[in-house]
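Observations on the model geometry
Here are the chains, one letter per residue:
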Amino acid sequence: MNTTQKYYIKTFGCQMNVYDSHRIAHILDSLGYEAASSTRNADIIIFNTCHIREKAAEKVFSDLGRALLIKKERAAEGKDTIIGVTGCVVQAEDEQIAVRAPYVDFATGPLTYHRLPEILEKVKRARGESIIDTEFPAESKFDFLPENKSSGGCSFLAIQEGCNNFCTYCVVPYTRGVETSRSVEEVISEARHLVNSGSVELNLLGQNVNSYHGTDQNGQERSLAYLLRKLAEIDGLKRIRYTTSYPADMTDELIACHKDLPQLMPYLHLPVQSGSDKILKAMNRRHSRDDYLRTIEKLYAANPALRMSSDFIVGFPGETDEDFEQTLDIVKRVGYIQAFSFKYSKRPGTPASLMPDQVEEKIKQQRLDILQDLLSSYQLKFNEETIGKTMPVLFEFKGRHSGQLVGRTPYMQNVHVNIGKEYLNRIVDIKITEATVNSLTGIYPAETQSKKG
Ligand code: 5AD
Ligand code: SF4
């Protein structure tokens, strides 16, 4: 009989949470657990949660309800199930969890999940009582985690965490704490390890990644630009990305990296949030629309092949039709090739939630629809322009159809190709043949037609 204990992790929210889930899995692997294929056959079910908008946070509670049913069904079969919650909802709503889901066995915030081995020990001893850890710890979790393992050709690497910007709508400074950066040495060593174990692309993560200020061996603070140049020296590392950047922290030194480093992909996520100066001010963003547009100009001058993506919030308190027009205008000026757009969501404890002139839901929805139509038209146009071109594609996972792989171009476009699975985790030249808003289709070998005969 196989008695190995199994775990299942469901991840909500941003790429940082995807990274954290991966690291939580490493901890459980190191304790002898194995990944389960579903919650039904898991001895530990973990929800790694997101608190950024109300919808995401609420979803966790319905998922927890379903997990309780599974726990009961398994109990009837004589099996124990531990239910855990990690991530930002825990940091912000630990009391709510205790009230609304008292059956949760443990809850730990995004900065303390390295304590999971002790937490699980406590859970086993204290059956029935929830173990909740929402401390902002003095220690860095990174000093306690098992070595990061490559997750294929493309891996995430957290280099910075937390945020000091306090945009008035955002919970991140409260859930992920103040900004901290990992040391240059720690990042380089994790990067080397990931590359040696098969990654050809690294995506450096941080809530405000371009304000990175890790120390080097001599204790000197170093910038993201410095770190990128060091990473570019790693043999075998073919692609580097970094996300998410704050516009006011795009220094000239960092922009120059986009000119000098061929490994740096020509795609940058630089959220503007709104095109209106009045709203940007109310959001406490440290950039005006002109500052932002000037930064983009400099980036395009550094690398003319560079293309942008952004996040947008519509219906921020006080946003008028004119303010919204300014947002549409900035979309037209920059021509984003991808974007994420959201209706403003009131978050407890944030200054914007108390602002007057909250925008009606109906208007928020109308503005979101208009914005998303415009964004999609630019995205489709860009995708269609790639038809007939040959692009280097890094294959990351198997497609829905057999014999098909899905990969990404330098611009993060998904490409579906009929190609052997031996090409998984490799970068291959692919000729693009079809395009929709969300994905491309390509053929391999790229020179199929021209070689014939
Ligand atoms: N309401 C709506 N969107 C939000 N975001 C952050 N906080 C909120 C909120 N309260 C969006 C921002 C951010 C992205 C990760 O989520 O656009 O860049
Ligand atoms: Fe939130 Fe603003 Fe910090 Fe981004 S920069 S994490 S939106 S507070």
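Our structure is the block above this text.
Just so we're clear, the structure is a prediction, and the values are computed from it rather than from any experiment. (Residues numbered from 1 in each chain as written. Chains lettered and ligands numbered in written order. Predicted model: local features only at pLDDT ≥ 70, side-chain atom pairs only at ≥ 80, totals over all residues. Heavy atoms only, no water.)

1. Regarding the packing of helix H2 (residues 54-76) against helix H3 (residues 88-100)
What counts, and what does not: All axes here are fitted lines through C-alpha atoms, helices being fitted over the stretch that makes contact, and every angle between N-to-C directions spans 0 to 180 degrees. For the purposes of this entry, the term helix denotes a DSSP run of H or I that reaches at least four residues, the term strand denotes a run of E that reaches at least two, and both are numbered from the N terminus. Here a crossing is called left-handed whenever its near helix is offset anticlockwise from the far helix by less than a right angle, and right-handed whenever the offset is clockwise. Whether two residues touch is decided by their heavy atoms; if any such pair falls within 4.5 Å, the residues are in contact. Each residue is assigned to one of three groups, with Ala, Val, Leu, Ile, Met, Phe, Trp, Tyr, Cys and Pro labelled nonpolar, Asp, Glu, Lys and Arg labelled charged, and all others, Gly among them, labelled polar.
Their axes nearest at 12 Å, the elements H2 and H3 cross at an angle of 35°. Our pair here, H2 against H3, has a crossing hand that is right-handed. Touching Ala 57, Glu 58, Val 60 and Phe 61 of H2 are Val 89, Glu 93, Gln 96, Ile 97 and Arg 100, all from H3. The residue makeup of the contact of H2 with H3, split by class, is 5 nonpolar, 1 polar and 3 charged.

2. As for the sheet that holds strand E19 (residues 439-443)
Applied cut-off: Criterion used throughout: strands pair if DSSP finds at least two bridges between them.
Read around the closed barrel, 5 strands run E15-E16-E17-E19-E18, paired in mixed fashion. For this sheet the average axis-to-axis angle between neighbouring strands, irrespective of direction, equals 55°. One ladder, built from 4 bridges, connects strand E17 (residues 414-418) with E19; its direction is parallel. Note on E19: the bridge partner recorded for His 416 is Thr 441.

3. Things to note about the state of the cysteines
Keep this limit in mind: Cysteine sulfur pairs qualify as disulfides if the two atoms are within 2.5 Å. Burial status follows relative accessibility: with a 1.4 Å probe on protein chains alone, a residue under 20% of its type maximum counts as buried, one over 50% as exposed, and anything between as partly exposed.
Tallied over the full model, the rule gives 0 disulfides. Cys 88 takes part in no disulfide bond, and the closest cysteine sulfur, belonging to Cys 50, lies 6.5 Å away. Free cysteine: Cys 257, not disulfide-bonded; nearest cysteine sulfur from Cys 154 at 19 Å. By relative accessible area, Cys 257 is classed as buried at 0%.

4. Comments concerning the site of ligand 2
Where we set the bar: Think of it this way: one heavy atom of a residue within 4 Å of a molecule or strand is enough to make that residue near it.
Every residue lining ligand 2 is accounted for by Cys 163, Asn 165, Phe 166, Cys 167, Tyr 169, Cys 170, Val 172, Pro 173, Tyr 246 and Arg 285. Residues belonging to the shell around ligand 2 are distributed by class as follows: 8 nonpolar, 1 polar and 1 charged.

5. A few points about the packing of aromatic side chains
Think of a pair of aromatic rings as described by two things: how far the centres are apart, and how the planes are tilted against each other in angle. Selection criterion: Only rings of Phe, Tyr and Trp enter the pairing, Trp through its six-membered ring, and a pair is recorded when the two centres are within 6.5 Å. The plane angle decides the type: under 30 degrees is stacked, over 60 is edge-to-face, the rest tilted. Geometrically, a lysine NZ or arginine CZ counts as sitting over a ring once it is within 6 Å of the ring centre and also within 35 degrees of the ring normal.
Inspection of the entire model under this criterion finds 6 aromatic pairs. Ring centres 5.4 Å apart and planes at 85° place the aromatic pair Phe 312 and Tyr 336 in the edge-to-face group. With a gap of 24 residues between them, Phe 312 in strand E13 (residues 307-314) and Tyr 336 in the loop between helix H11 (321-334) and strand E14 (338-343) connect regions that are remote in the sequence. Classification of Phe 312 by relative accessible area gives buried; the value is 0%. An aromatic cluster is present here, built from Tyr 169, Phe 316 and Tyr 344 joined pairwise through their rings. Residue placement shows Arg 53 over the ring face of Phe 342; its charged tip is 3.5 Å from the ring centre. Here Arg 182 stacks its cationic end above the ring of Phe 142, 3.9 Å away from the centre of that ring.

6. So, the site of ligand 1
Defined as follows: Polar contacts, as used here, are pairs of N or O atoms within 3.5 Å; protein pairs need one atom able to donate a hydrogen and one able to accept it. Residues neighboring in sequence count only if both atoms are side-chain atoms. Note on areas: these come from Shrake-Rupley sampling with a 1.4 Å probe, and a residue is covered only by the protein chains present in the view.
With respect to spatial proximity, the complete set of residues near ligand 1 consists of Ile 52, Arg 53, Tyr 169, Gln 273, Asp 311, Ile 313, Phe 342, Lys 343, Tyr 344, Ser 345 and Arg 347. Contact between ligand 1 and Gln 273: an oxygen atom at 2.6 Å from a side-chain N or O atom of the residue. Taking Ser 345, its main chain carries an N or O atom lying 2.8 Å from a nitrogen atom of ligand 1. Out of a free accessible area of 410 Å², ligand 1 has 87% covered by protein chains. Counting residues per element, the ones that place at least two in the shell around ligand 1 are E13 and E14.

7. Topic: the side chain of Arg 176
With respect to the helices, strands and loops of the structure, Arg 176 is situated in the loop between helix H5 (172-175) and strand E9 (180-181). Owing to a relative accessible area of 2%, Arg 176 belongs among the buried residues under this scheme. A distance of 2.6 Å separates the side chain of Arg 176 from the side chain of Asn 17, its partner in a polar contact. Not counting chain neighbours up to four residues away, the residues in contact with Arg 176 comprise Met 16, Asn 17, Asp 20, Cys 88, Pro 110, Leu 111, Phe 136, Lys 141, Glu 161, Gly 162 and Gln 207.

8. Digging into helix H1 (residues 15-30)
For an α-helix the count is 3.6 residues per turn, leaving residues at separations of three or four pointing the same way. Note the following rule: A helix is expected to reach a length of 1.5 Å times the quantity of its residues less one.
For H1, which comprises 16 residues, the first-to-last C-alpha distance of 23 Å matches the rise-based estimate of 22 Å (1.5 Å per residue) to within 8%. Every buried residue of H1 is listed here: Met 16, Asn 17, Tyr 19, Asp 20, Ser 21, Arg 23, Ile 24, Ala 25, His 26, Ile 27 and Leu 28. One or two residues past the end of H1 sits Gly 32, with phi positive at roughly 95°.

9. Structural notes on the sheet that holds E14
The 3 strands lie next to each other as E12-E13-E14, forming an open sheet whose pairing is parallel. Looking at the sheet topology across the chains shown, the edges are occupied by strand E12 (267-269) and E14. With strand direction ignored, the average angle separating the axes of adjacent strands in the sheet is 15°. In terms of strand pairing, E13 meets E14 through 6 bridges, oriented parallel. Its bridge partner being in E14, Asp 311 is matched across the sheet by Phe 340.

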